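# Close look at the chain arrangement
Each chain, written out:
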Amino acid sequence: MLVESLLYITLFFALGIIFLIFRAIIYPKIRLLQLKKKYGDKIQIVHHYGTGLPMEYRKGFVERNDSMAFVRKMAAEKTNKMQVFGFNIGYNVGLSFLDPELIKQVHQSHDAFQKINISQAFNYLFSDSLFYATGKNWQRQRQFLGKSFHFDEIRNYLPSIKELCSKVTDQLNKDLKANPQQEIQVINVCEKITSEVVFRVFFGSTQENMMITREDGSQLHLSEELVSLIMDSFRILQQNKLLLLKNLILKSYSFKIFPLKEEKWLLNRLVQVKAACEKVVLKRKEELQQNLDQYKNNFLDLYLKEMIENKNSGITYDEIIANFCGLFFAGTDTTGNMTGVALYYLSLNPQIQKEARDEVIRVISKKNQDIKGNDLFSSLQFEDLSNMNLCNSILKESLRLIPPAFGVFPRYVTRDIKIGQYELKKGDLVNTHFIYNQSNPQTFTNPDKFDPYRWMNGNESQNAFNFTPFSLGPRNCIGQHLAMIEGKCMLANFLLNYDILPNESQKVQLEMKIIYGFSQDNLVYFKKRQQ
Ligand code: HEM
């Protein structure tokens, strides 16, 4: 009897292991081969055992200094027939759409998809936010936040953006005085501005007072801890294969079921960050409950006012905190990278740099010829930014060449659906690598060349779906106007203050980290200009 039971248990485990091996290793390969057979020349297959697509990004980075090398190659060698590539992430199989018309269809059908949670920190911090919301909840959140991202509202943020640019420049000037030859970490410099912008827009106050104390007693800003948590959540997955496997199988439940040492460590820190945010939110709610006249024009007050005045608003504290973290993540690195990349290209193109600087001076001093030197930047007005055509095109060209988001987050398909002729089953993955169209020589002549003027001669805007760095459709980037205003303001500031020079000794490598961009941040020098 005992022997018989043991035999059954062994058989049960053996079958379990065979099933897991089949599901995780053999099944994705078979499905992808079936897709190739079905769609022929229209599809290319990118398959890696184990992690899948992220491995292709890694391979491109290691072998060709660019995580997106495989997509750029597909675009360069494009046969007119190719429209899509099939991939796996772990044991899930998906389609990534490349053809602009199909990309449009994917984004119009957004309600058939649900973004995947790419790490434990993402799940914990952002799952209640607009970024991950679906259905009616998403509609309510998008409508509520949308008003504050309207172009006319953004003008209210300009004084803060200008003040932050000047503050960062003052510090840079001091550093350069001490050491004029220093390499400038230009993306980091821009991110100091963009992260503080999100804090001010959200909380109405600076992040200076929002500190976190770690277990070892060290103190750091909430923003630094947020960035470090997101990075650490990916790092531990890369370093511990058991953890990676556990995450791939258990997904968001991994934290809860037999948590490993690293998971406990991460969770403690995540709980602490949420608690710090909650403290600020609750304190402010109490103040507003006592006197609503204290209301100020920032996101936190907007949420709390709605909560106080409308008991059925559906807004929760979790939603408020998740949206702060979500906006911080979505708005800081992306906008910082876009502007840093633009400054890098300007360092390589002195003539374009000069013309951009001339444009900034011409536009600002048009109102008053007497404004000169240091006063130029402080006289910059919101309307001036719309007249900076070349600066706008420089940012667009940077987004075309090195888009911080090269595509959208992979999504699960939540119901069987057809995109063009492509059939997707519930549980499959879908995404769009729009960098493909942005580097396609049939769409952009000399696609590798930095040529902002291509946006000014009217040729490139024929098909709006060929250039979509902020995605498209109802779930496009809610912060795109804010990003462009911040970008132009930062460009104007740095062009007026510095000559931007290249750091030729550095090797340029493009890496997919959490966003896509330079893997090192010391590609330019700044030389103070005499104003
Ligand atoms: C150059 C800067 C930026 C780029 C390239 C960018 C790009 C994108 C892209 C591609 C998406 C779609 C993601 C997906 O569907 O998987 C997106 C969504 C989003 N972005 Fe941005 N973004 C930028 C700046 C910002 C800023 C400044 C904010 C706010 C402070 C912001 C907030 C958001 C939010 C909340 C979403 C989700 C919208 C929804 O699902 O309804 N982004 N962004």
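Scoring rules and cut-offs
Every chain begins its residue count from 1, and numbering advances along the sequence as written. Note on the predicted model: pLDDT of at least 70 is required for a residue's local features to be given, and 80 or more for side-chain atom pairs to be given and counted; whole-chain, interface and lining totals, by contrast, use all residues. UniProt positions are given in the numbering used here, feature names are shortened, and annotations may be inferred rather than shown by experiment. Helix and strand labels come from DSSP, where a helix needs a run of H or I of at least four residues and a strand needs a run of E of at least two; each type is numbered from the N terminus. Three exposure classes are used, based on other C-beta atoms lying within 10 Å of a residue's own C-beta, which is placed from the backbone: buried for 20 or more, exposed for 12 or fewer, and partly exposed in between. DSSP bridges decide pairing: two strands pair if at least two such bridges lie between them. Nearness rests on one distance test: the residue's C-beta atom, set from the backbone, must lie within 6 Å of the molecule or strand. Under the scheme applied, nonpolar residues are Ala, Val, Leu, Ile, Met, Phe, Trp, Tyr, Cys and Pro; charged residues are Asp, Glu, Lys and Arg; polar residues are all the others, including Gly. For each domain, the first and last residues come from an automatic or database assignment. Two residues qualify as a contact pair if the distance between their C-beta atoms, derived from the backbone, is within 7 Å. We call a set of buried Ala, Val, Leu, Ile, Met, Phe, Trp, Tyr and Cys residues a nonpolar core when their C-beta atoms link them within 7 Å. How sure the predictor is of each residue is captured by pLDDT, a score from 0 to 100. The span one expects for a helix is its residue count, reduced by one, times 1.5 Å. Here an axis means a line fitted to C-alpha atoms, over the contact stretch when the element is a helix, while the angle between two N-to-C directions is reported on a 0 to 180 degree scale. Oblique is the label for every angle not falling under 35 degrees (roughly parallel), over 145 degrees (roughly antiparallel), or within 65 to 115 degrees (roughly perpendicular). With the far helix as reference, a near helix turned anticlockwise by less than a right angle produces a left-handed crossing, and one turned clockwise produces a right-handed crossing. Two axes enter the definition of the bend at a residue: one is fitted to the seven residues ending there, the other to the seven starting there, and the bend is the angle between them.

The name given to the chain in an unreviewed UniProt entry is Cytochrome P450 family monooxygenase, with Tetrahymena thermophila as the source organism. The heading Cofactor (unreviewed entry) in the UniProt record of the chain holds the text "heme".

This part takes up the UniProt feature "coiled-coil region" (unreviewed entry) in the chain. Summarizing the sequence annotation, UniProt attributes the feature "coiled-coil region" (unreviewed entry) to residues 278-305 in the numbering used throughout. Segment residues 278-305 splits into 71% helix and 0% strand. End C-alpha atoms: 16 Å apart.

Looking now at unusual backbone geometry. Even without being glycine, Phe-258 reaches a positive phi, approximately 40°. Following the sequence through the fold, Phe-258 ends up in the loop between α11 (241-250) and α12 (261-290). Look at Phe-258 and you get exposed, because 8 C-beta atoms sit within 10 Å. One non-glycine residue, Asn-446, lies in the positive phi region at around 45°. Summarising the element assignment, Asn-446 is placed in the loop between α20 (435-438) and α21 (480-497). We classify Asn-446 as exposed; it has 9 C-beta atoms within 10 Å.

A sheet is described by the order of its strands in space; here three strands give the open sequence β5-β15-β12, paired in antiparallel fashion. The two strands at the open ends of the sheet, each matched to only one other strand, are β5 (183-184) and β12 (498-502). Bridge count for β12 against strand β15 (residues 524-528) is five bridges, and the pairing is antiparallel. Along β15, the bridge assignment pairs Ile-500 with Phe-526.

Glancing now at the site of the ligand. Around the ligand, a shell composed of 24 residues is seen, among which Gly-331, Thr-334, Val-408, Cys-477 and Gly-479 lie nearest. Those elements giving two or more residues to the shell around the ligand turn out to be α14 (317-331), α15 (333-348) and α21. For the shell around the ligand, the element with the most residues is α14, which contributes four residues. Classifying every residue of the shell around the ligand by side-chain character gives 16 nonpolar, six polar and two charged. Taken domain by domain, the shell around the ligand gets at least three of its residues from each of domain 1 (2-143 + 404-457 + 460-466) and domain 2 (149-157 + 189-333).

For the rest of this paragraph, the subject is the domain arrangement of the chain. Split into domains, the chain comes out as domain 1 (2-143 + 404-457 + 460-466) and domain 2 (149-157 + 189-333). Centre-to-centre separation of domain 1 and domain 2, based on C-alpha positions: 28 Å. Facing 16 residues of domain 1, the contacting portion of domain 2 comprises 23 residues. In terms of residue count, the dominant contributor to the side of domain 1 that touches domain 2 is helix α5 (residues 120-126) (six residues). When its residues are assigned to classes, the side of domain 1 that touches domain 2 shows seven nonpolar, seven polar and two charged.

Soluble globular proteins tend to bury their nonpolar side chains together. Ranked by size, the top nonpolar core spans 125 residues in total, and within it Phe-202, Cys-325, Ala-342, Val-360, Cys-391, Ala-492 and Val-524 carry the most contacts. Taken together, domain 1 (2-143 + 404-457 + 460-466) and domain 2 (149-157 + 189-333) each give at least three residues to this core, which thus spans both. When sequence neighbours within four positions are dropped, the list of residues in contact with Val-524 reads Ile-184, Val-186, Leu-343, Tyr-344, Ser-347, Ile-500, Leu-501, Pro-502 and Asn-503.

Per the UniProt record, "transmembrane region" (unreviewed entry) is found at residues 6-26. Helix and strand shares over residues 6-26 are 100% and 0% respectively, and the end C-alpha atoms of the span are 29 Å apart.

Of the residues in the chain, 98% have a pLDDT of 70 or more, and the chain-wide mean is 91. The complex prediction reports pTM at 0.94, with the ipTM value standing at 0.99.

On to α21. Its 18 residues place the ends of α21 26 Å apart at the C-alpha level, agreeing with the 26 Å of an ideal helix rising 1.5 Å per residue. Counting buried residues in α21 gives 16 out of 18 residues, a clear majority hidden from the surface.

For the rest of this paragraph, the subject is the packing of helix α9 (residues 186-203) against α15. α15 packs onto α9 with a crossing angle of 140° between their chain directions and a minimal axis gap of 8 Å. Overall, the two elements α9 and α15 adopt an arrangement that is oblique. Handedness of the α9/α15 crossing: right-handed. Contacts between α9 and α15 involve Val-186, Ile-187, Cys-190, Glu-191 and Thr-194 from the first element and Asp-333, Thr-335, Gly-336, Asn-337, Thr-339, Gly-340, Leu-343 and Tyr-344 from the second. When grouped by side-chain class, the residues that make up the contact of α9 with α15 number five nonpolar, six polar and two charged.

Under the 1.5 Å per step criterion, the end-to-end length of helix α1 (residues 2-39) is 53 Å for 38 residues, consistent within 8% with the ideal 56 Å. Where α1 bends most, the angle comes to about 45°, and this point is Ile-26, followed within four residues by the proline Pro-28. Turning to α1, its buried residues number three or more, namely Pro-28, Leu-32 and Leu-35. Summarising the contacts, the buried residues of α1 are in contact with β1 (43-46), β2 (84-89) and β3 (92-97). Looking one or two residues beyond α1, the residue adopting positive phi is Gly-40, at roughly 55°.

This brings us to the sheet that holds strand β8 (residues 411-413). Strand pairing in a sheet is mediated by backbone hydrogen bonds. Such pairs are either parallel or antiparallel. Overall, mixed pairing links the six strands, which are arranged β1-β2-β3-β11-β8-β4 in an open sheet. The outermost strands of the open sheet, each flanked by one partner alone, are β1 and β4 (113-115). The sheet shows a mean angle of 30° between the axes of neighbouring strands, direction not considered. As defined by bridge partners, β2 adjoins β3 across six bridges and the pair is classed as antiparallel. From the neighbouring strand, Phe-87 faces β3, where its bridge partner is Gly-94.

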